[in-house]
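# Tertiary structure, described
Given next are the chains, with one letter for each unit.
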Amino acid sequence: MHGQTGIEPRTLQTQTDDCWLAAATKSKIPDRFAQAVVDIVGSENVSTTDAVREQHGHDESYHTTSPPDIVAFAESTEHVSQVAKLCNDHEVPLIPFGSGTGLEGGINALKGGLCLDLSKMKKILSVHPEDFDCTVEAGVTRVTLNNYLRDTGLTFPIDPGADASVCGMCATSASGTNAVRYGTMRENVLNMEVVLPDGRVIHTAGKGRRTKKTSAGYNLTNLFVGSEGTLGIITQATLRLHGIPEATISAVCSFNTIQEAVDSTVQILQMGIPIARIEFLDEVSVDACNRYSKLDMKVAPSLFFEFTGSPDTLDKQAEVVKDIASMNGASEFKWASKPEERNQLWKARHDILYACMALNPGSKPYSTDVCVPISNLPEVITRSKEAIQKAGVIGPIVGHVGDGNFHVFFPTDRSNPEEVKKISDVSVYMAQIAMELDGTCTGEHGIGMGKRGLLQQEIGDEGMEVMKQLKSTFDPKGIMNPGKVFPE
Ligand SMILES: Cc1cc2c(cc1C)N(C[C@H](O)[C@H](O)[C@H](O)COP(=O)(O)OP(=O)(O)OC[C@H]1O[C@@H](n3cnc4c(N)ncnc43)[C@H](O)[C@@H]1O)c1[nH]c(=O)[nH]c(=O)c1N2
Ligand SMILES: CC(C)CC(=O)C(=O)O
Ligand SMILES: [Mn+2]
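Residues numbered from 1 in each chain as written. Chains lettered and ligands numbered in written order. Predicted model: local features only at pLDDT ≥ 70, side-chain atom pairs only at ≥ 80, totals over all residues. Heavy atoms only, no water.

Basically, it comes down to this: UniProt positions are given in the numbering used here, feature names are shortened, and annotations may be inferred rather than shown by experiment.
For the chain, the name recorded in an unreviewed UniProt entry is Probable D-lactate dehydrogenase, mitochondrial, with Mizuhopecten yessoensis as its organism. UniProt, in the comment section headed Cofactor (unreviewed entry), describes the chain in these words: "FAD". Listed in UniProt under the heading Catalytic activity (unreviewed entry), the comment for the chain reads: "(R)-lactate + 2 Fe(III)-[cytochrome c] = 2 Fe(II)-[cytochrome c] + pyruvate + 2 H(+)".

This is the structure we're talking about:
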C-alpha cells in the first residue's frame, strides 16, 4: 500500500529465461554468478534489467541513484541463506532491500553487487493476542500488519510516515509520531531471525523466544536493530503489540514562540499525562499544511496532540493539557474528536513532506533528523532557523517534540548545485549543534551514506573502532551493504 505516500512499489519486471543472461552482460556480474543466483531463487526472481536495477538503486532521499548489478527476490529464509553464502564466497556486495522508503540512501548500491529484495517474504507467521506479540517475515509492511491485526483489538503502533517493511524498520531503528507513548523499534522488537553473510541463521534472543524481558547474555537483538543491512539480513521479527485504545481525541493549538510550545510539552510530560502523540510544526510547516491539506490553522508555531485511553479519563487529561498550554501562551485550541476530523489532522501531518515539496514545485526532499535532550530543543531549533534564514533557503520544521527529535524538510532543486551546497551545509551545521547540545545526528532515519562523517564525530574514534571490530566479526569479508554507516 503505497498510496498513502504516493511512492510506487518496486516491482519485478518479468524476464524470460532467454533474455536474463543477455541482460546480465550489461551489469558487471559474471554470467556464472548470475546463473548461480537463478539456481537458488528461480529465474522469475532474478532481474538485471536497467529498469529494475534503477528502481532498486535509490530510496526516497535526495541521494543520487546507484544501481546494483543484479536484483534477486527471496521467497524464504533458505533463499536468503544460500544467496548470502554465494555472495560471501564470491565477495560480491549484498544489499538487503525492504520497501525502499529510507531517507539516508541506505539501499543505494555504492559498490554495485546484488540487491536482495525481501518484499515477497510476507507471511504473518503467528499472533499471540494474550501475550501481545506476533512474528512476521521480512517483507510484511506495517500497514498490512495492522490491517491483519484489526479484529484482534491489537496494534503495532510504530508509524514512520511511509508504509515501510517491518524488518526495514528494524534495520533503521525507525519510529514516528507514537514514540512518545510506545517507544521506537528498539523497545518493540523481542527477537529476530537473522541470516549472517556466511549463510548461518541465528535468532537474536534464541529460537522461538518471545518474552517481554530477558537477562540472558548480550543483547544481540538491539545490535541488529539499527544495523542498516551492514551485519546481516533480518528475515523475521517478533514484535511487541499493544491494545487499541478505547477512545481517542486529537487537538491542535498555536503559540507565540517555539519556547512556549516546548515548555508546554515538558510540563505535560512532567505531569505524567499519558499523551499518545505530541508533534510540533513551525509557522512555515503550518502554512504548507494549510495550503496542501486545505486546513485553516493559525500560521504560528503549533502543537498537534493525541490523547488515548478510557472515555472517562480522557476528557480530564485533555483539559489539563489545555490549561498547561494556555498558561504558556497558547491560543486557538481546537479539538478533533470525530474520527474524520482526527484523520484529517494526522493525514495532514503524515503528508507534510509532500506539503513542503509543494512550496517549491519540482523539488526533491532533503530531510534532516536531529534529536537532543528535550530541554535543549528550543536552542537547537532557534539556531537552526537562524541558519536556514541566513542561507536564504526554504526550511519548514516539524518535530516529534516529546522525544526531542525534529526534522527540516528542504524542498531542494537538485539541478542547482549552489542550493544543494547551502542546504547540505545547514544540515551538517544542525547536526553539529545537536551534538554540541548532548544530542545525536539522527533520531530515527539512520546513518546510511549521508551521515557517516557525523557518526564518527558523534561516537568518537575509539567507539568507531569497536563498531568496526563488531562489523568484522559478523562480516569479515565486508560484503554487507558496503559504503554505509562507516566512513571510508
Ligand atoms: C514520507 C516518509 C515519511 C517517513 C519516512 C519515509 C518517507 C518516505 N521514514 C523513513 C523510512 O520509512 C524508514 O527508514 C523505514 O524504516 C525504512 O524501511 P524500508 O523497508 O523502506 O527499508 P529500505 O528498503 O529503505 O532500507 C533501509 C535500510 O535498511 C536495510 N534493510 C532493509 N530491510 C532489511 C532487512 N530485512 N534486513 C537487513 N537490513 C535491511 C537496507 O539495506 C537499508 O540500509 C521515516 N522513518 C522514521 O523513522 N520516522 C518517520 O517518521 C519516517 N517518516
Ligand atoms: C522527514 C520526513 C520525510 C519523514 C519524517 O520522519 C516525519 O514526517 O516525521
Ligand atoms: Mn519523523
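More follows now that the structure is in view.
### Notes on the sheet that holds strand S9 (residues 201–203)
Formally: Pairing between strands is defined by DSSP: at least two bridges between the two strands are required. Per the convention used, a helix needs a DSSP run of H or I reaching at least four residues, while a strand needs a run of E reaching at least two, with both numbered from the N terminus. As a rule, the C-alpha atoms of each element are fitted with a line to give its axis, helices using only the stretch in contact, and angles between N-to-C directions run from 0 to 180 degrees. Here a residue-residue contact requires only that any non-hydrogen atoms of the pair lie within 4.5 Å.
Strand order in the open sheet formed by 5 strands is S5-S6-S10-S8-S9, and the pairing between neighbours is antiparallel. Each having just a single partner strand, strand S5 (124–128) and S9 make up the two edges of the open sheet. Neighbour-to-neighbour, the strand axes of this sheet turn through a mean angle of 10°, independent of strand direction. Summarising the sheet, strand S8 (residues 189–195) and S9 pair through 3 bridges and their orientation is antiparallel. Opposite Val195, over in S9, you have Val201 as the bridge partner. Across the sheet, helix H5 (residues 142–149) touches S5, strand S6 (133–137) and strand S10 (233–240), and the angle it forms with S5 is around 50°.

### Section: the site of ligand 1
We count it as follows: Being near a molecule or strand, for a residue, means having at least one of its heavy atoms within 4 Å of it. By the criterion applied in these results, polar contacts are pairs of N or O atoms within 3.5 Å in which, for protein atoms, one can donate a hydrogen and the other can accept it, and in which residues neighboring in sequence qualify only through two side-chain atoms. Here the Shrake-Rupley method, with its probe set to 1.4 Å, supplies the accessible areas, and only the displayed protein chains count as covering residues. In this classification, Asp, Glu, Lys and Arg are treated as charged, Ala, Val, Leu, Ile, Met, Phe, Trp, Tyr, Cys and Pro as nonpolar, and every other residue, Gly included, as polar. In this document the domain limits rely on a domain assignment from an automatic tool or a database.
What surrounds ligand 1 is a group of 37 residues, the closest being Pro96, Thr101, Ser165, Thr172 and Ser175. Residue Gly100 places a main-chain N or O atom 2.9 Å away from an oxygen atom belonging to ligand 1. At 2.8 Å from an oxygen atom of ligand 1 is found a side-chain nitrogen or oxygen belonging to Thr172. Starting from 980 Å² of accessible surface for ligand 1 in isolation, the protein chains cover 96%. Those elements that place two or more of their residues in the shell around ligand 1 are strand S3 (94–97), helix H6 (166–172), S10 and helix H14 (352–357). Per element, the largest residue contribution to the shell around ligand 1 is 5 residues, and it comes from H6. Broken down by class, the residue content of the shell around ligand 1 amounts to 17 nonpolar, 17 polar and 3 charged. Two domains each put at least three residues into the shell around ligand 1: domain 1 (124–243) and domain 2 (247–437).

### Here we look at the coordination of the manganese ion (ligand 3)
Inclusion rule: The rule for donors is simple: N, O or S, within 2.8 Å of the metal, or within 3.2 Å if the metal is Na, K or Ca. Water isn't counted, so a site may look like it is missing partners. Type-normalised accessible area, obtained with a 1.4 Å probe on protein chains alone, sets the label of each residue: buried when under 20%, exposed when over 50%, and partly exposed for intermediate values.
For the manganese ion (ligand 3), the full set of protein donor atoms is His400 (NE2), His407 (NE2) and Glu444 (OE), and the range of their distances to it is 1.9 to 2.2 Å. Written as a sequence motif, the donor arrangement for the manganese ion (ligand 3) is H-x6-H-x36-E. Classification of His400 as buried rests on a relative accessible area of 4%. Take His407: its relative accessible area is 4%, and that puts it in the buried class.

### Remarks on the nonpolar core
Under the convention used in this document: What we call a nonpolar core is a set of buried Ala, Val, Leu, Ile, Met, Phe, Trp, Tyr and Cys residues that are connected through their side-chain atoms within 4.5 Å.
Membership of the largest hydrophobic core comes to 57 residues, with the highest contact counts inside it found for Leu114, Leu145, Met185 and Leu239. The biggest single contributor to this core is helix H2 (residues 31–41), with 7 residues. Those residues in contact with Leu114 that sit more than four places away from it in its chain are Phe33, Val37, Ile70, Ala72, Val83, Cys87, Val92, Pro93, Leu94 and Ile95. Counting 54 residues, the second largest nonpolar core, distinct from the first, contains Tyr62, Ile249, Ala330 and Tyr366.

### Details of the packing of aromatic side chains
We count it as follows: Stacked, edge-to-face and tilted labels apply to pairs of Phe, Tyr and Trp rings (six-membered ring for Trp) whose centres lie within 6.5 Å, assigned for plane angles under 30 degrees, over 60, and everything in between, in that order. Definition used: whenever NZ (Lys) or CZ (Arg) falls within 6 Å of the ring centre and also within 35 degrees of the ring normal, the charge is taken to sit over that ring.
Evaluation of the coordinates by the stated rule reveals 8 aromatic pairs. Measuring from centroid to centroid gives 5.9 Å for Phe304 and Trp346, while their planes differ by 80°, and the two rings are edge-to-face. Highlighted residues: Phe304 in strand S14 (residues 302–309) and Trp346 in helix H13 (residues 339–350), separated in sequence by 42 residues. Accessibility classification places Phe304 together with Trp346 in one group, the buried group. Measuring from centroid to centroid gives 6.4 Å for Phe307 and Trp335, while their planes differ by 50°, and the two rings are tilted. Taken as a pair, Phe307 in strand S14 and Trp335 in strand S15 (residues 331–336) lie far apart in primary sequence, 28 residues in all. The buried category is assigned to Phe307, whose relative accessible area is 0%. Taken together, Phe305, Phe307, Phe333 and Trp335 form an aromatic cluster joined through their ring pairs. In this structure, Arg277 packs its charged tip against the face of Trp346, placed 4.4 Å from the ring centre.

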